[in-house]
Structures are given as C-alpha cells and as structure tokens.
Amino acid sequence: QLLGALQQQLSVDSSEPEPNWDDLYAKDPIEATRVERIYRQNKEAKNSKLQAINAEQQRLSQTQAQEQETQIRTIIAAESEKLVETIPSWKDEKVRDKERTELRSYLVEQGLSEDELSSLIRATHVNLLRKAYLYDKGVKRTKPSTKTLNRQQKMARKQFNNSGRLDDATNLIESLM
C-alpha cells in the first residue's frame, strides 16, 4: 500500500510542466543551463524511484505467489491424506486410479470444466462427488429394462383377465405406472 501511495505521489510530482527552454536560453543561457541540469537530475531521480517501486512491487507479487503456492501444496497434501481416510478403498492404488478416472469422466459428463476439476482439492468435496457418481452408477444398474416392464405388464393383464380379482387389477395398474 505504501509503495502504491509513493508511486502515485511521484507520478503527481512529475506531472509539472517542462519549462520553455527556448525562452530561458534566450533570456539567460547560463541560468537556463543550470535549471535544465537540475530539472533533468530531478526527473532521473523520480524515474529511478519509480523503477525501484515497480521492481519492489514485482518482487512482492512473486513472493506472495510463492507463498500461496506453498500454502496450496500444503493443503493438497493434507487433503490427500484425508481423502484416503475418508475413502478407505483408495488406499489401494489400482482402485483409486480406476475410480478417479471414472469419477473424472462422470464429472465431465455432468458439465464440469477442466478448470473446475483442477480446483477440486477438498477431500469432502471429492467424497461427495464420488457418492453422487456411485449413486448414479447404482441407479443405472437397478432400473428395470423396458422389456422386463412389458413382460410384467402382459403377465399382469393376463392374470387379471383370467381371474378378474381385485388384487390382480391392482397389480396390473401398478405395472402400468
């Protein structure tokens, strides 16, 4: 913040207009030379300070970026350990790699971008998404096929037509739903 304020102050100070050198040299060449030398020295000093400020701001930005990267790596390492605790089957590397690949494909199918996938570092988030994946995978396995439904409906209709009982009518209606 201080660097920014100093930079702004130097920029405001350097906004003073350059003297009319032709007029100064015409009036007093010796004084004009002295004023020009002081003006150039001041301008060079301000430019040097601005460059130093810019360099320090870049250094601070790089330092902050490195600190953030270190923090993220620490978080990722901790979350990786939590992930194995949360999903014990992932202790087996083959199982973990297979499920990770399947989970990644599932999440892409669900509309997540690569950037969103890359930002998933929390073990709880990965575990919840894995549960959604396993649920959807289980639902697909347990849905009866249309052939099975048609067969059940035909059998229920035949049973009702043969018996005419209320229970068979109920079964027929349930099979149609």
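Residues numbered from 1 in each chain as written. Predicted model: local features only at pLDDT ≥ 70, side-chain atom pairs only at ≥ 80, totals over all residues. Heavy atoms only, no water.

### Details of the side chain of aspartate 168
Convention followed: In this text, helices come from DSSP runs of H or I with a minimum length of four residues, and strands from runs of E with a minimum of two, each type numbered from the N-terminal end. Distance and chemistry together define a polar contact, namely a pair of N or O atoms within 3.5 Å, with one atom able to donate a hydrogen and the other to accept it when in protein, and with adjacent residues in sequence counting only for side-chain atoms on both sides.
Within the element layout of this structure, aspartate 168 appears in helix H8 (residues 166–176). At a separation of 2.2 Å, a polar atom in the side chain of aspartate 168 contacts the side chain of serine 163.

### Structural notes on the nonpolar core
Across soluble globular proteins, you tend to see nonpolar side chains buried next to one another. Worth spelling out the cut-off: Note on terminology: a nonpolar core comprises buried Ala, Val, Leu, Ile, Met, Phe, Trp, Tyr and Cys residues joined through side-chain atoms within 4.5 Å. Buried means the residue's accessible area, taken with a 1.4 Å probe over protein chains only, is under 20% of the maximum for its type, while exposed means over 50%, and partly exposed covers the values in between.
Within the largest apolar cluster, ten residues are counted, these being Leu83, Ile87, Trp90, Leu103, Tyr106, Leu107, Leu117, Ala123, Val126 and Tyr133. Of all the elements in the fold, those that place two or more residues in this core are helix H4 (93–109) and helix H6 (123–142).

### Section: H4
Note the following rule: Multiplying 1.5 Å by the residue count of a helix minus one yields the expected span of that helix. Directions from the helix axis toward the C-beta atoms define the arc.
Under the 1.5 Å per step criterion, the end-to-end length of H4 is 24 Å for 17 residues, consistent within 8% with the ideal 24 Å. Every buried residue belonging to H4 is among Arg96, Glu99, Leu103, Tyr106 and Leu107, and all of these are buried. Taken around the axis of H4, the buried residues stretch over an arc of 95°, which confines them to a single face. Turned more than 90 degrees away from the buried face of H4 sit Glu93, Lys94, Lys98, Thr101 and Glu109, all of them exposed. N-capping of H4 is provided by aspartate 92, with a side-chain oxygen placed 3.1 Å from the backbone N of lysine 94. Directly beyond the C-terminal end of H4, a positive phi value near 105° is found at glycine 111.

### A few points about the packing of aromatic side chains
Aromatic ring pairs: the centre-centre distance and the angle between the two ring planes describe each pair. We count it as follows: Ring geometry is summarised as follows: Phe, Tyr and Trp rings, the Trp one being its six-membered ring, pair when their centres sit within 6.5 Å, and such pairs are stacked at plane angles under 30 degrees, edge-to-face over 60 and tilted between the two.
Counted according to the given criterion, the structure contains two aromatic pairs. Taking the centre distance of 5.6 Å and the plane angle of 70° together, the rings of tryptophan 21 and tyrosine 39 count as edge-to-face. Within this pair, whereas tryptophan 21 is found in helix H2 (residues 21–27), its partner tyrosine 39 is found in helix H3 (residues 29–86), the two being separated by 18 residues in sequence. The exposure classification of tryptophan 21 matches that of tyrosine 39, with both residues buried.

### What to know about the pattern of salt bridges
Rules: Salt bridges, as used here, are contacts in which a Lys or Arg side-chain nitrogen is within 4 Å of a carboxyl oxygen on Asp or Glu.
Scanning the model with the defined rule gives twelve salt bridges in all. Between arginine 40 and glutamate 36 there is a salt bridge, and its shortest N-O distance comes to 3.1 Å. Linking arginine 40 with glutamate 36, this pair stays in helix H3, spanning four residues, or about one helical turn. Here glutamate 99 ties to arginine 130 by a salt bridge, and the two come within 2.6 Å at their closest N and O atoms. Of this pair, glutamate 99 sits in helix H4 while arginine 130 sits in helix H6, and the two are 31 residues apart along the sequence. You'll find glutamate 99 and arginine 130 in the same group, each marked buried. Salt bridges sharing common partners tie together Glu18, Glu36 and Arg40.

### Some remarks on the environment of asparagine 150
Note that asparagine 150 resides in helix H7 (residues 146–163). For asparagine 150, a relative accessible area of 41% gives the class partly exposed.

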